[in-house]
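# Report on the structure
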Amino acid sequence: MTAITGRIRSVTAPVRAAFARVPRGVYSALGLAAAAIFPLLNVWGVVETAWLRVGVLSLLFVMLSLGLNIVMGETGLLNLGYIAFFAFGAYTTALLSSPKFELRWPFLAVVALSTVIAMIAGFVIGLPTLRLRGDYLAIVTLAFGEIVRLTIINLQDFTNGPNGITGIYPPRLASEGAIASLGDAAWAKWLTVDKPIEYYYLVLVCVVVVAILLSNLKNSRVGRAWNALREDELAAVSTGITAARAKMLSVVLSAGIAGFAGALYAYYSNVISPESFLFMQSVIVVCMVVLGGMGSIPGVILGAIVLQALPQMIREAAGAARSEFEVYRMLIFGVIIVVMVIFRPEGLLPDKLWRSESHEVDPRELEKTRQSLFDLEEGEKDLEV
Amino acid sequence: MASEQLKPLLEFRGVETYYGRIQILKGVDYRVNPGEIVCLLGGNASGKSTTMKTILGIVKPAKGEVLWEGEVINGLRTAERIKRGVATVPENRRLFPHLTVLENLEMGAYTRSDAAGVAEDLERVYGFFPKLAERRKQRAGTLSGGEQQMVAFGRALMSRPKLICMDEPSMGLSPALVDQNFDLIQQVNEQGVAVFVVEQNATAALSIADRGYVLQGGRVVIDGTAAELLENPELKRAYLGA
């Protein structure tokens, strides 16, 4: 097996070297341009509107994956109940902007409050669980996700239980009066977001903002502290990182991003019910992060798009065999993850740190290691200062 | 000795610690004066590593006092202690293996916010260990044992410490490197940094130390100058193999 991958590697080496010379910013710019142009394909009649909806959902999952990546990829904490924070955001939005309580708060206030509520939920669940590690943390977060879902089902007065909340108002980016005063200006209708293309651009802007924020954070002191904690907690603490505080920050921030995504999801889907927040959804987001590459922002974005859009494409292609495909969807997910873990554990577009963690020896480091072993034998010279 | 009159840098007064209900340290007293090398000897489960953790504030004493420059610091957080001048070279070095040498060194300066001072200290560390300058872009995990030891030292120096605590620095090093490792400790010490070193290798540790303590079952059973300890009949029998 390794012989085969070795041969493939040697054949593709020049190609990969050529790609490696292209600065990373170029790829980000190309990706962003593609994402911005995509809805125009619909305007020009190349793709159906259904694909715009796939696009919006993909972007929402990109945001979720980016959020989960903070705890899973950067800090190294497994969270199997992540979708609960998404639910907190979605329900906050649904309650503040629907006929349920006859409220229609301004968009920005709703999104901000949804984010904050999810962050508070993150803080509350973080307090008792952050002393746990590995398997135990996974079990407790899984339980947390289920508790939230069951609470939503049973808290009927608030959430309408299994029926969910319907008729969520579309977001207005300016006050009603301001929009009316603009009259028939062509762009004024964009201020009331109610068409798929408008949702698409709204969510895209939010995703870009989150991605920029996170990539700056990744290269900051905070990001370095997260990575250090993941690599060796005791050593990290010994250099003066306050482990509890840094971990809590990552949990709260990731919960906040999920809440933000939840708010946008509630607006977009118009109806929310507990069925959107099943354990399986948490698992899918975990898969997106693993597939794309833990700790890698471009990787996680790619992973989310692939796992969200691919099933839709297959479903379209399957045509008559549509229901057949639904049955096998999770099976295909499972196969993809198994194949990834065996052949490319670092993900599709790996973070450089994770690549070295998931392969015992990076081929490029091998020569340096040999050199070091040589030095070790030459112990006398080794400690010359 | 002149150091007797100085205010101790670090002092333990009757410190007791517990893990749950199990008592580890049963009332220990240590003193480390500025610029001194003090070694702590003891077998397994004698409380050496717990002593280290108590100095760093990872373990808090249930009884007694830990003093830093005459001030009680029992409740002070690790980050605060590092800011005040405690640094550590943990057991087995505990580098961040996938970070580069430079990134590891930068982690040592995590609690500092003076970028200019950090850059200066980085140059100082590179001056001290030219090999690290050569390998600054290399992953720490791919270095030889001796080089990793340098990184661990360098990382500790990056917080500009007054005291470096070393937990079993010669563990995992080849015998040839052990001696050179102790030379390194002396060189660091000559820069005016006090060193508190926990060791099983009693002969080597006492050969560079000013004073030493012997810990057994959570209590200090022998203490004195290095010369006294080397002559102590009990210690000779137990550790020095004579």
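Residues numbered from 1 in each chain as written. Chains lettered and ligands numbered in written order. Predicted model: local features only at pLDDT ≥ 70, side-chain atom pairs only at ≥ 80, totals over all residues.

## Comments concerning the overall build of chain A
Broken down by element type, chain A carries 18 helices and two strands. Across the 385 residues that make up chain A, the buried fraction comes to 41%. If you take every contact in chain A between residues at least 6 apart in sequence, the share linking residues at least 24 apart comes to 74%. (Helix = DSSP H or I, 4+ residues; strand = E, 2+ residues; numbered from the N terminus. Buried ≥ 20, exposed ≤ 12 C-beta atoms within 10 Å, placed from the backbone. Contact = placed C-beta atoms within 7 Å.)

## Things to note about the overall build of chain B
In terms of regular secondary structure, chain B is built from 10 helices and 10 strands. Taken over 242 residues, chain B has a buried fraction of 50%. Taking all contacts inside chain B whose residues are at least 6 apart in sequence as the whole, residues at least 24 apart take part in 69%.

## Focus on the packing of helix α4 (residues 83-96) of chain A against helix α5 (residues 107-129) of chain A
Residue and element names in this part refer to chain A. Interaxial distance between α4 and α5 falls to 8 Å at its minimum, and their mutual angle equals 140 degrees. Crossing handedness for the pair α4 and α5: right-handed. Touching F85, F88, G89, T92, T93 and L96 of α4 are V110, L113, S114, T115, I117, A118, A121 and G122, all from α5. Split by residue class, the contact of α4 with α5 holds eight nonpolar, six polar and no charged. (Axes fitted to C-alpha atoms, helices over the stretch in contact; angles between N-to-C directions. Left-handed = near helix turned anticlockwise from the far one by under 90°. Nonpolar A, V, L, I, M, F, W, Y, C, P; charged D, E, K, R; others polar.)

## A look at the pairing of strand β10 (residues 219-225) of chain B
Put simply, side chains in a regular strand alternate between the two faces of the sheet. Residues and elements named next belong to chain B. Bridge count between strand β9 (residues 211-216) and β10: six bridges; the pairing is antiparallel. Directly across from L215, in β10, lies its bridge partner V220. Taking the residues that link successive antiparallel strands as the turn, the β9-β10 hairpin has two residues, and the phi of G217 there is positive, at about 55 degrees. (Pairing = 2+ DSSP bridges.)

## Quick word on the sheet that holds strand β4 (residues 63-68) of chain B
Residues and elements named next belong to chain B. Spatially, β2-β1-β4-β5 is the arrangement adopted by the four strands of the open sheet, whose pairing is antiparallel. Edge positions in the open sheet fall to β2 (22-32) and β5 (71-72), since each of these has one partner strand only. Sheet topology places strand β1 (residues 10-19) next to β4; five bridges connect them, and they run antiparallel. By the bridge assignment, L10 is partnered in β4 with W68.

## A closer look at the nonpolar core
Within the largest apolar cluster, 83 residues are counted, with the highest numbers of intra-cluster contacts made by L60, M63, F86, A87, A261, V285 and M288 of chain A. A total of 15 residues in this core trace back to one element, the largest contributor, which is helix α3 (residues 49-75) of chain A. Setting aside residues no more than four positions away along its own chain, A87 of chain A makes contact with V148, R149, I152, G262 and F277 of chain A. Y30, A140, V193 and A205 of chain B belong to the second-largest nonpolar core, a separate cluster that totals 78 residues. (Core = buried A, V, L, I, M, F, W, Y, C linked by C-beta atoms within 7 Å.)

## Notes on unusual backbone geometry
Although it is not a glycine, E102 of chain A sits at a positive phi angle of roughly 50 degrees. Judged by the 6 C-beta atoms lying within 10 Å of it, E102 of chain A falls in the exposed class. Of note in this structure, E168 of chain B is not a glycine but carries a positive phi near 50 degrees. The residue E168 of chain B is located in the loop between β7 (163-167) and α7 (175-190) in this model. Using a count of 19 C-beta atoms within 10 Å as the deciding quantity, one classes E168 of chain B as partly exposed.

## Some points on the sheet that holds β7 of chain B
Residue and element names in this part refer to chain B. Ordered by their spatial adjacency, six strands build an open sheet running β6-β7-β8-β3-β9-β10, and the pairing between neighbours is mixed. Of all strands in the sheet, those with a lone pairing partner are β6 (86-89) and β10, marking the two edges. Between one strand and the next, the sheet's axes are offset by a mean angle of 20 degrees, whatever the strand orientation. Pairing analysis gives five bridges linking strand β3 (residues 37-42) to strand β8 (residues 194-199), with the strands arranged parallel. Each bridged residue has a counterpart across the sheet, and for C39 the counterpart in β8 is V197.

## Topic: the packing of helix α9 (residues 196-218) of chain A against helix α12 (residues 243-269) of chain A
Residues and elements named next belong to chain A. At a minimum axis distance of 11 Å, the contact between α9 and α12 shows a crossing angle of 175 degrees. Taken together, the axes of α9 and α12 are roughly antiparallel relative to one another. Here Y199, V203, C206 and V210 of α9 lie close against α12, whose contacting residues are I257, F260, L264 and Y268. Class assignment for the residues of the contact of α9 with α12 results in eight nonpolar, no polar and no charged. (Parallel < 35°, antiparallel > 145°, perpendicular 65-115°, else oblique.)

## Concerning the confidence of the model for chain A
Residues and elements named next belong to chain A. Scored by pLDDT, chain A comes out at a mean of 85, with 88% of its residues at no less than 70. The least confident element of chain A, judged by mean pLDDT, is helix α18 (residues 379-382) at 43; the most confident is α4 at 97. Confidence over residues 377-385 falls short of pLDDT 50; this stretch has 17 contacts with residues more than four positions distant or in other chains. (pLDDT = per-residue confidence, 0-100.)

## Considerations on α5 of chain A
Across its 23 residues, α5 of chain A extends 33 Å between first and last C-alpha, which sits within 8% of the 33 Å expected from 1.5 Å per residue. Residues F107, V110, V111, S114, T115, I117, A118, M119, A121, G122, I125 and T129 of chain A constitute the buried set of α5 of chain A. (Expected span 1.5 Å × (residues − 1).)

## Focus on α12 of chain A
Residues and elements named next belong to chain A. In this model, α12 (27 residues) spans 39 Å end to end at C-alpha, consistent with the 39 Å of a helix rising 1.5 Å per residue. For α12, the tally of buried residues reaches 21 of 27 residues, placing the bulk of the element in the interior. Within two residues after α12, N270 carries a phi angle of roughly 75 degrees, on the positive side.

## What to know about the environment of A45 of chain B
Residues and elements named next belong to chain B. Along the chain, the position of A45 falls in the loop between β3 and α1 (48-56). On the basis of neighbour counts, which here come to 12 C-beta atoms within 10 Å, the residue A45 falls in the exposed class. Spatially, the C-alpha atom of A45 lies 8.2 Å from that of Q216, the residues being 171 residues apart in sequence.

## Some thoughts on the confidence of the model for chain B
Mean pLDDT over chain B: 88, with 96% of residues reaching 70 or higher. For this predicted complex, the interface confidence reaches an ipTM of 0.76, while the overall pTM sits at 0.81.

## Considerations on the environment of T159 of chain A
All names here are of chain A. Among the structural elements, T159 can be located in helix α7 (residues 156-159). It is 20 Å that separates the C-alpha atoms of T159 and A143, two residues lying 16 residues apart in sequence. Once you skip the residues sitting within four places of it in the chain, T159 turns out to touch Y91, I152 and I165.

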